[in-house]
Amino acid sequence: MNGATAKPRILTGDTPTGMLHLGHWVGSVRRRVELQSTHECYFLLANMHAFTTRAERSDEIRRDTIEIVRDYLAMGIDPRQSAIFLQSEVPAIAELTFLFAMLIPFNRVMRNPTLKDEIKIKNLGDTYSFGFPLYAVGQTADILAFRPVGVPVGEDQVPHLEMTREVARRFNQVFCGVSEHAEDGEHEALGGTFPIPSADVGPVGRLMGIDGVQKMSKSLGNAIFISDSAKEVQKKVGKIFTGRQSPNDPGDVTNALFQYVEAFIPDQARVAELKDRYARGDNIGDGHIKQEVAEALNTLLDPMRERRKQFEGNDDLIIDILRDGCRRANRVTEETLDRVKRAAHLHFFARRLEVG
Ligand code: TRP
């Protein structure tokens, strides 16, 4: 906790790779909207990380970054409460990345299962940039720069959180004299610079895509986007693959379609009834269930579409939100950097960088 009366702090973020989709909503953004009145929230746009695989399309990264802010606002993130900021405008993150890279074995980074999956899924082979594995170290810096208590993320980010916890423990042990045997919860009280943050994974850690096989992802072409029209949503839900033939076949209630039923139909009694009839094959077709899912989704997305309209075509407003978010982020991260430098004997004099 940051100060006796302050709200607990959280940090999370997204790499700008295109529009946000329902997987982002259930995996993390829904949780952020819930937490923003009770927590001090920082939401990072990992625009430098986007350069790991798209450096030659930096114009696209910039556009995607602005569009993500629109999606955040549409989904209900309130910039007066939460700081929305650019990774590239928070210098402490880059400085901490360099230092943290010294605290973690190279082979440990390469064993990170999320990195390994990405190398496979994105077909990166062995020609990926040096910056690609470095981004995992960078993510530990994104997080620790804020000394947060929790990080709301989808399941795929949990290995990054595990690495972050290792870096935080190691920093506290090497530079702050915290014992190797200290419990995670004791680190700060024992003089550690960093609390050991935990991953806050929501009830739907990994939403399936409409192909019914892979997790929802823009690059796999199986995503329903926050900005899709009602018609598009209807069409995409119609495609969710189950393999079931007839309304009288006993259905598998762990399939992708039922994941959507559980995630998006708010009436729990109705969810239980649908599940029961589907499992028994009680004259209930996939088409009917898809219809109910599409309606529930459009009820959820309608207010988001309305809100998004207000921010369409107004880049200046988005830039103002980012400028303010970066200012708030830098206030916290410069304080962290100062503490880090003192602990690691890198403090020689007070630094005030002001140019122009
Ligand atoms: N790697 C995350 C993603 O691709 C984005 C990210 C970057 C992030 N830094 C972070 C998430 C820090 C949580 C905390 O979605």
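Every value quoted in this text rests on a predicted model; they were computed, and no experiment measured them.

1. What to know about the overall build of the protein
Now for step 1: Along the backbone of the protein there are 13 helices and 5 strands.
Now for step 2: What you see for the protein is a C-alpha radius of gyration of 22 Å, in line with the 21 Å of a compact globule of 356 residues.
Now for step 3: With the C-alpha coordinates of the protein rotated into their principal frame, the extents come out at 75 × 50 × 50 Å.
Now for step 4: Taking all 356 residues of the protein together, 49% fall into the buried category.
Now for step 5: A fraction of 75% describes how many contacts in the protein between residues 6 or more apart in sequence connect residues 24 or more apart.

2. Some remarks on the environment of Asp 14
Now for step 1: Tracing the backbone shows Asp 14 in strand E1 (residues 9–14).
Now for step 2: Between the alpha carbons of Asp 14 and Tyr 278 there is a distance of 36 Å; along the sequence they are 264 residues apart.
Now for step 3: Ignoring anything within four residues of it in the chain, the contact list for Asp 14 reads Leu 20, His 24, Arg 32, Leu 44, Leu 45, Ala 46, Ile 68 and Tyr 72.
Now for step 4: In terms of polar contacts, Asp 14 uses its side chain to reach the side chain of Tyr 72, at 2.5 Å.

3. Points about the environment of Pro 91
Now for step 1: Following the sequence through the fold, Pro 91 ends up in helix H4 (residues 91–100).
Now for step 2: Sequence separation between Pro 91 and Thr 333 is 242 residues; the distance between their C-alpha atoms is 8.6 Å.
Now for step 3: Aside from chain neighbours lying at most four places away, what touches Pro 91 is Asn 330 and Glu 334.

4. Things to note about the site of the ligand
Now for step 1: Surveying the vicinity of the ligand reveals 14 residues, the closest of which are Gly 13, Thr 15, Gln 139, Asp 142 and Gln 157.
Now for step 2: Between the ligand and the protein, one listed contact pairs a nitrogen atom with a side-chain N or O atom of Asp 142 at 2.7 Å.
Now for step 3: Contact with the protein chains removes 88% of the 370 Å² of surface that the ligand exposes when unbound.
Now for step 4: Secondary-structure elements contributing two or more residues to the shell around the ligand are E1, helix H7 (131–144) and strand E4 (150–153).

5. As for the pattern of salt bridges
Now for step 1: Counting across every chain of the model gives 39 salt bridges.
Now for step 2: Arg 280 is the salt-bridge partner of Asp 276, the closest N and O atoms lying 2.9 Å from each other. Taken together, the positions of Asp 276 and Arg 280, both in helix H11 (residues 268–280) and 4 residues apart, correspond to about one turn of that helix.
Now for step 3: The class of Asp 276 is partly exposed, set by a relative accessible area of 39%.

6. Considerations on the domain arrangement of the protein
Now for step 1: Looking at the assigned domains, one finds that the protein contains domain 1 (3–206 + 314–343) and domain 2 (230–309).
Now for step 2: Computed from C-alpha atoms alone, the centre-to-centre distance between domain 1 and domain 2 is 33 Å.
Now for step 3: Listed per partner, the contact involves 14 residues of domain 1 and 9 residues of domain 2.
Now for step 4: Between domain 1 and domain 2, a total of about 920 Å² is buried, with carbon and sulfur atoms accounting for 63% of that surface.
Now for step 5: When residues of domain 1 are sorted by the area they lose upon contact with domain 2, Leu 22, Trp 25 and Ala 74 head the list and together hold 50% of the total.

7. What to know about the packing of helix H9 (residues 230–238) against helix H12 (residues 286–311)
Packed helix pairs are characterised by how far apart their axes lie and by the angle those axes make with each other.
Now for step 1: Put simply, H9 and H12 touch, their axes get as near as 9 Å, and they point 150° apart. Taken together, the axis directions place H9 and H12 in an arrangement best described as roughly antiparallel. Here H9 and H12 pass one another in a crossing that is right-handed. Across the interface between the two elements, Ala 230, Val 233, Gln 234, Val 237 and Gly 238 of H9 pack against Lys 290, Gln 291, Val 293, Ala 294, Leu 297, Asn 298, Leu 301 and Arg 305 of H12.
Now for step 2: Residues belonging to the contact of H9 with H12 are distributed by class as follows: 7 nonpolar, 4 polar and 2 charged.

8. Details of helix H8 (residues 158–176)
Now for step 1: Taking 1.5 Å of rise per residue, the 19 residues of H8 would be expected to cover 27 Å, and the 26 Å separating its terminal C-alpha atoms lies within 8% of that figure.
Now for step 2: Residues Pro 159, His 160, Leu 161, Met 163, Thr 164, Arg 165, Val 167, Ala 168, Phe 171, Asn 172 and Cys 176 constitute the buried set of H8.
Now for step 3: Just beyond H8, the residue with positive phi is Gly 177, at close to 70°.

9. Let's talk about the nonpolar core
Now for step 1: Counting residues in hydrophobic clusters, the biggest one holds 99 residues, and the most contacted among them are Phe 85 and Phe 100.
Now for step 2: Aside from chain neighbours lying at most four places away, what touches Phe 100 is Val 137, Thr 140, Ala 141, Leu 144, Val 167, Phe 171 and Phe 194.

10. Re the packing of aromatic side chains
Now for step 1: Inspection of every chain in the model, using the stated rule, returns 11 aromatic pairs.
Now for step 2: On the numbers, 5.1 Å between centres and 75° between planes, the contact of Phe 171 with Phe 194 is edge-to-face. In this pair, Phe 171 is assigned in helix H8 and Phe 194 in the loop between H8 and strand E5 (198–201), connecting sequence segments 23 residues apart.
Now for step 3: Assessed through its relative accessible area of 0%, Phe 171 is described here as buried.
Now for step 4: Pairwise contacts between aromatic rings join Phe 100, Phe 171, Phe 175 and Phe 194 into one cluster.
Now for step 5: Looking at Arg 32, its charged tip hangs above the ring of Phe 43, at a distance of 5.3 Å from the centre.

11. Quick notes on the side chain of Asp 286
Now for step 1: Among the structural elements, Asp 286 can be located in helix H12.
Now for step 2: The class for Asp 286 is buried, based on a relative accessible area of 12%.
Now for step 3: Setting aside anything within four residues of it in sequence, one finds Asp 286 in contact with Thr 242, Arg 244, Leu 257 and Tyr 278.

So, how was this worked out
Residues numbered from 1 in each chain as written. Predicted model: local features only at pLDDT ≥ 70, side-chain atom pairs only at ≥ 80, totals over all residues. Heavy atoms only, no water. Helix = DSSP H or I, 4+ residues; strand = E, 2+ residues; numbered from the N terminus. Rg over C-alpha atoms; globule rule 2.2 N^0.38 Å. Buried < 20%, exposed > 50% of the residue type's maximum accessible area, 1.4 Å probe, protein only. Contact = heavy atoms within 4.5 Å. Polar contact = N/O pair within 3.5 Å; in protein donor to acceptor, adjacent residues only side chain to side chain. Near = heavy atom within 4 Å. Areas by Shrake-Rupley, 256 points an atom, 1.4 Å probe, with all protein chains shown as cover. Salt bridge = Lys/Arg side-chain N within 4 Å of Asp/Glu carboxyl O. Domains from an automatic or database assignment. Buried area = accessible area lost by both parts, 1.4 Å probe. Axes fitted to C-alpha atoms, helices over the stretch in contact; angles between N-to-C directions. Parallel < 35°, antiparallel > 145°, perpendicular 65-115°, else oblique. Left-handed = near helix turned anticlockwise from the far one by under 90°. Nonpolar A, V, L, I, M, F, W, Y, C, P; charged D, E, K, R; others polar. Expected span 1.5 Å × (residues − 1). Core = buried A, V, L, I, M, F, W, Y, C linked by side-chain atoms within 4.5 Å. Phe/Tyr/Trp six-rings, centres within 6.5 Å; stacked < 30°, edge-to-face > 60°. Lys NZ or Arg CZ within 6 Å of the ring centre and 35° of its normal.

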